[in-house]
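# Fold and geometry: a report
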Amino acid sequence: MSKLMVAIIVLAVIPACSVQRHWQATGGSKADGVVRLSYEVPTALKAVVDDQAGLQLAIKRCSSWGFKAAEPFGGETHNCIASGGLGGCSAHAVTREYQCLDAEQK
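These numbers come from a predicted model, not from an experiment.

The rules behind each value
- Residues numbered from 1 in each chain as written.
- Predicted model: local features only at pLDDT ≥ 70, side-chain atom pairs only at ≥ 80, totals over all residues.
- Heavy atoms only, no water.
- Helix = DSSP H or I, 4+ residues; strand = E, 2+ residues; numbered from the N terminus.
- Buried < 20%, exposed > 50% of the residue type's maximum accessible area, 1.4 Å probe, protein only.
- Contact = heavy atoms within 4.5 Å.
- Areas by Shrake-Rupley, 256 points an atom, 1.4 Å probe, with all protein chains shown as cover.
- Disulfide = S-S within 2.5 Å.
- Salt bridge = Lys/Arg side-chain N within 4 Å of Asp/Glu carboxyl O.
- Polar contact = N/O pair within 3.5 Å; in protein donor to acceptor, adjacent residues only side chain to side chain.
- Phe/Tyr/Trp six-rings, centres within 6.5 Å; stacked < 30°, edge-to-face > 60°.

Broken down by element type, the chain carries two helices and six strands. Reading the chain from its N terminus to its C terminus gives the helix and strand order α-β-β-β-β-α-β-β. Within the chain, buried positions represent 23% of all 106 residues. Of the contacts made within the chain by residues no fewer than 6 positions apart, 62% connect residues no fewer than 24 positions apart. About 7,000 Å² of surface is accessible on the chain, with carbon and sulfur atoms providing 57% of the total.

Right under this line is the structure:
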């Protein structure tokens with residue numbers, strides 16, 4: 001089997017591997033009512049995340065600021081956090097923002 005064929009097989013199999021990741025609060029703004037959640041994952045792996053757990057974490061953070069609910073908005077951003085060989089990226093951070101909703105009257 002040629003080296004090229006082996007490389008193609010390896011590249012086809014590696015992305016099929018997955019790893020469990022958990023959303024973590026990484027920032028936000030009480031004044032803007034925005035919570036930022038992220039997780040990190042090696043580029044060669046597919047992350048499996050519990051989006052419902054992420055939403056519950058965002059709601060918990062929003063409620064500590066006096067809001068009643070939260071919803072995701074703006075999609076996700078993917079940023080390289082570790083350079084790989086040949087100028088590539090070996091790991092990236094995935095971030096999702098949530099808008100806090102229904103501020104309580106004080």
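What follows concerns the state of the cysteines. Using the criterion set out here, one finds two disulfides in the structure. A sulfur-sulfur distance of 2.0 Å marks the disulfide that ties cysteine 62 to cysteine 100. Measuring handedness by torsion sign, the sulfur bridge of cysteine 62 and cysteine 100 sits at about -75 degrees and is left-handed. One end of the pair, cysteine 62, is in helix H2 (residues 51-64); the other, cysteine 100, is in strand S6 (residues 89-103), with 38 residues separating them in the sequence.

Tallying each qualifying case throughout the model produces three salt bridges. Between arginine 36 and glutamate 97 there is a salt bridge; the shortest N-O distance is 3.2 Å. Taken together, the residues span a long stretch of sequence, with arginine 36 in strand S3 (residues 34-42) and glutamate 97 in strand S6 at a distance of 61 residues. Note that aspartate 51 is salt-bridged to arginine 96, the shortest N-O span being 3.2 Å. Taken together, the positions of aspartate 51 in helix H2 and arginine 96 in strand S6 put the pair 45 residues apart, joining distant regions of the chain. Overall, aspartate 51 belongs to the partly exposed group, its relative accessible area being 36%.

A word on the side chain of threonine 95. By the secondary structure assignment, threonine 95 is in strand S6. Owing to a relative accessible area of 13%, threonine 95 belongs among the buried residues under this scheme. A polar contact is formed between the side chain of threonine 95 and the side chain of serine 38, at a distance of 2.8 Å. Non-local contacts of threonine 95, meaning those with residues more than four positions away in its chain, are made with Arg36, Leu37, Ser38, Gly75, Glu76 and Thr77.

For any pair of aromatic rings, the description consists of the separation of the ring centres together with the inter-plane angle of the planes. Under the definition given, this model contains one aromatic pair. Measuring from centroid to centroid gives 4.9 Å for tryptophan 23 and tyrosine 39, while their planes differ by 75 degrees, and the two rings are edge-to-face. Of this pair, tryptophan 23 sits in the loop between strand S1 (18-21) and strand S2 (24-29) while tyrosine 39 sits in strand S3; the two residues are 16 residues apart in sequence, bridging distant segments of the chain. The residues tryptophan 23 and tyrosine 39 share a single accessibility class, namely buried.

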